[in-house]
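Spelled out from the first residue to the last, the chains are:
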Amino acid sequence: MTSGTIKKYDKYSVAELKKKAQVVFNKWIRERDNGWPCISCGVAPVQQAGHYLSQGHHSALRYNEDNTAGQCIRCNLYLSGNLINYRIGLVKRIGEDRVRKLEQTPKKAFNWDRFSLIDVIEKYK
């Protein structure tokens, strides 16, 4: 990462960078999964980027491509992720080994610093 890239984000707080990174990452996930059905129900079109393991309990996986997939609003919001079916769909997409690796990630707080967040923004924009 260049000093010019870092300087471009000087006016943003870490909280603002985190929000910006989430917007950019979620958009990238929706574009990646465009044309596929919702990972959970397998029927509805992708409308949101849903996380298999929650951002609250697994904050280190917030911007992890394997932990995030396109979901419909119904599954993501109203069915709390429809996680049993999410896992089934995720295994079909990335395989049992990668899903188990996600599930073995320790539940602990992860503090995103500004440089890591800038990396996320630049990678997914």
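Residues numbered from 1 in each chain as written. Predicted model: local features only at pLDDT ≥ 70, side-chain atom pairs only at ≥ 80, totals over all residues. Heavy atoms only, no water.

Chemist: I keep staring at helix 4 (residues 83-94) and nothing clicks. Help me out?
Modeler: The periodicity of an α-helix, 3.6 residues per turn, causes residues three or four places apart in sequence to face the same way. Given a rise of 1.5 Å per residue, 12 residues ought to cover 16 Å, and the 16 Å separating the end C-alpha atoms of helix 4 matches this to within 8%. All buried positions along helix 4 are accounted for by Tyr86, Gly89, Leu90 and Ile94. Considered in projection along helix 4, the buried side chains sweep an arc of 110° and stay on one side of the axis. Facing away from the buried surface of helix 4 by more than 90 degrees, the exposed residues are Ile84 and Lys92. Gly95 sits one or two positions beyond helix 4 and adopts a positive phi of about 95°. (Helix = DSSP H or I, 4+ residues; strand = E, 2+ residues; numbered from the N terminus. Expected span 1.5 Å × (residues − 1). Buried < 20%, exposed > 50% of the residue type's maximum accessible area, 1.4 Å probe, protein only. Arc of directions from axis to C-beta.)

Chemist: Looking at this model, I keep getting lost on the nonpolar core. Mind explaining?
Modeler: Nonpolar side chains tend to gather and get buried jointly when the protein is soluble and globular. In this structure, Leu17, Ala21, Tyr63, Leu117, Val120 and Ile121 are the most contacted members of the largest nonpolar core, which totals 14 residues. When residues of this core are traced back to their parent elements, those giving at least two are helix 2 (14-32) and helix 6 (114-124). (Core = buried A, V, L, I, M, F, W, Y, C linked by side-chain atoms within 4.5 Å.)

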